[in-house]
Amino acid sequence: VVPRDVYTPIELRVEGQEYLTVPAGTFDCWRLSIRFSDGPISYWIRKSDGLGVRVLDERNAATTGTRETVLRRVTE
């Protein structure tokens, strides 16, 4: 441990399951959240293989807006 180390408690949680439609299609997903001291980031993960389908970060919505990343295409 050195003085520049940062300690940030986080909480990981499975919030539920839902079908999510994004440009790449509709997927059966787990909805997860990671909570930091400044708020949560939500993740939707495809149940069949763990592929990330959507990420929504609203922690700084009031000041810098939200960030959203969605799956646009799946190639086999």
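Let us look at the structure shown here.

What counts and how
- Residues numbered from 1 in each chain as written.
- Predicted model: local features only at pLDDT ≥ 70, side-chain atom pairs only at ≥ 80, totals over all residues.
- Heavy atoms only, no water.
- Helix = DSSP H or I, 4+ residues; strand = E, 2+ residues; numbered from the N terminus.
- Polar contact = N/O pair within 3.5 Å; in protein donor to acceptor, adjacent residues only side chain to side chain.
- Pairing = 2+ DSSP bridges.
- Axes fitted to C-alpha atoms, helices over the stretch in contact; angles between N-to-C directions.

### A look at the side chain of D57
Relative to the assigned elements, D57 resides in strand β4 (residues 52–57). Of note is the side chain of D57, whose polar atom sits 3.0 Å from the side chain of R59.

### Thoughts on the sheet that holds strand β1 (residues 11–22)
Strand order in the open sheet formed by five strands is β1-β2-β3-β4-β5, with antiparallel pairing between adjacent strands. Strands with a single pairing partner mark the edges of an open sheet, and in this sheet they are β1 and β5 (67–70). Taking the axes of each pair of neighbouring strands and ignoring which way they run, one obtains an average angle of 15° across the sheet. As judged from the eight bridges shared by strand β2 (residues 25–36) and strand β3 (residues 39–46), these two strands associate in the antiparallel manner. By the bridge assignment, C29 is partnered in β3 with R46.

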